[in-house]
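# Structural description and commentary
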Amino acid sequence: MGQDPITLIISLVGGIFSFLLLMRFALQLSQADYYNPISQSVVRFTQPVVSPLQKVLRPIGRLDFATLIVAVLVKAAAIFLMVQFSPMFASAAGVNPLHMLIFALTGTLNTLLTIYFWATLGAVIISWVAPDSYHPAPQLLLQLTEPLFGLARKVIPPIGGLDLSPILIFILIQLAQSYLRPFVII
């Protein structure tokens, strides 16, 4: 798309780190197996950044607001750096901090929705290919998406053994992302 290298690097590093933070948040929210090796890796990688804020903001049940706030701050920092150092955003050098916060919040929510979209797609494929797999990755995907499937099954129950709940999840995610798209920078 013709992005300059600085924007590409900032977007990539900020996107990967916010992805890991939001993955941690989603795993905690869905109460996925903490001792899964993939969960352990995500927690170990993000713990140095999250732990100082967790001392102030204790988790409330399954919601770890410290992780979510750090993810928003990472997005905001990436947007700030893109505005400061990228020639593409040179005309927006005087961007209002409130606008940056809105872009960071919508970008964070968009990334979280993207995680759930791909996790749902992966869970559907795993249910066809290897439904009883003991590998850590499929188990983690199924644990991540099962709370969503449970909510969607309340709206659309299985019909003749066919579970249509992923279709509802895909539609809702796409609808939400279409409303967020104008406000997403990275």
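Residues numbered from 1 in each chain as written. Predicted model: local features only at pLDDT ≥ 70, side-chain atom pairs only at ≥ 80, totals over all residues. Heavy atoms only, no water.

## Digging into the nonpolar core
Generally speaking, a soluble globular protein has its nonpolar side chains buried in company with each other. Judged by nonpolar contacts, the single largest core of 31 residues is most densely connected at Leu21, Met23, Leu27, Leu112, Tyr116, Leu144 and Ile173. It is helix α1 (residues 5–29) that provides the largest number of residues to this core, a total of 8 residues. Excluding its chain neighbours within four sequence positions, the residues that come into contact with Ile173 are Leu113, Tyr116 and Phe117. Residues Ala78, Ile79, Met100 and Ala104 belong to the second largest nonpolar core, which totals 9 residues. (Core = buried A, V, L, I, M, F, W, Y, C linked by side-chain atoms within 4.5 Å. Buried < 20%, exposed > 50% of the residue type's maximum accessible area, 1.4 Å probe, protein only. Helix = DSSP H or I, 4+ residues; strand = E, 2+ residues; numbered from the N terminus. Contact = heavy atoms within 4.5 Å.)

## Remarks on the environment of Gln40
Mapped onto the fold, Gln40 is located in helix α2 (residues 37–54). Sequence-wise, Gln40 and Arg24 are 16 residues apart; in three dimensions their C-alpha atoms are separated by 9.6 Å. Apart from residues lying up to four places away in sequence, Gln40 is in contact with Tyr34 and Tyr35.

## Structural notes on the pattern of salt bridges
Tallied over the full model, the rule gives 2 salt bridges. Across the pair Asp163 and Arg153 runs a salt bridge whose closest N-O atoms are separated by 3.0 Å. One end of the pair, Asp163, is in the loop between α5 (136–155) and α6 (165–180); the other, Arg153, is in helix α5, and 10 residues separate them in sequence. Members of the salt-bridge network, linked through shared partners, are Glu146, Arg153 and Asp163. (Salt bridge = Lys/Arg side-chain N within 4 Å of Asp/Glu carboxyl O.)

## Observations concerning the layout of surface pockets
Considered as a void within the structure, the largest pocket measures approximately 320 Å³ in volume. Considering the residues around the largest pocket, the lining is formed by 16 residues, among which Val124, Ser127, Trp128, Asp163 and Pro166 are closest to the centre. Elements that contribute at least two residues to the lining of the largest pocket include exactly α4 (97–129), α5 and α6. Looking at the lining of the largest pocket, its residues break down into 11 nonpolar, 2 polar and 3 charged. The calculated volume of the second largest pocket comes to roughly 240 Å³. If you trace the second largest pocket, you find it lined by Leu109, Leu112, Leu113, Tyr116, Leu148, Leu151, Ala152, Leu168, Ile169, Leu172, Ile173 and Ala176. The set of elements that each furnish at least two residues to the lining of the second largest pocket consists of α4, α5 and α6. For the lining of the second largest pocket, the element with the highest residue contribution is α6, accounting for 5 residues. (1 Å grid on protein atoms, 1.4 Å probe; cavity = no way out; pocket = protein on both sides within 12 Å on 5 of 7 lines; lining within 4 Å. Points joined across faces, edges and corners; volume = space filled by probe spheres on them. Nonpolar A, V, L, I, M, F, W, Y, C, P; charged D, E, K, R; others polar.)

## Here's the deal with unusual backbone geometry
Unusually for a residue other than glycine, Gln31 sits at a positive phi of about 55°. Relative to the helices and strands, Gln31 resides in the loop between α1 and α2. Judged by relative accessible area, Gln31 falls into the exposed class, the value being 55%.

## Remarks on a nonpolar patch on the surface
On the surface, a nonpolar cluster with roughly 610 Å² of combined accessible area is contributed by Val56, Leu57, Ile60, Leu63, Phe65, Ile69 and Leu73. By secondary structure assignment, the location of Val56 is in the loop between α2 and α3 (65–85). (Patch = residues over 30% accessible without salt bridge, like charges linked within 9 Å, V, L, I, M, F, W, Y side chains within 5 Å. Areas by Shrake-Rupley, 256 points an atom, 1.4 Å probe, with all protein chains shown as cover.)

## What about α2?
Count 3.6 residues to each turn of an α-helix, and residues three or four apart come out pointing the same way. The terminal C-alpha atoms of α2, which comprises 18 residues, lie only 22 Å apart, well short of the 26 Å expected from a rise of 1.5 Å per residue. Looking only at α2, the buried set comprises Ser39, Gln40, Val42, Val43, Thr46, Val50 and Gln54. The backbone nitrogen of Ile38 has a side-chain oxygen 2.9 Å away, supplied by the residue at the start of α2, namely Asn36. (Expected span 1.5 Å × (residues − 1). Polar contact = N/O pair within 3.5 Å; in protein donor to acceptor, adjacent residues only side chain to side chain.)

In short, geometric facts, not functional conclusions.
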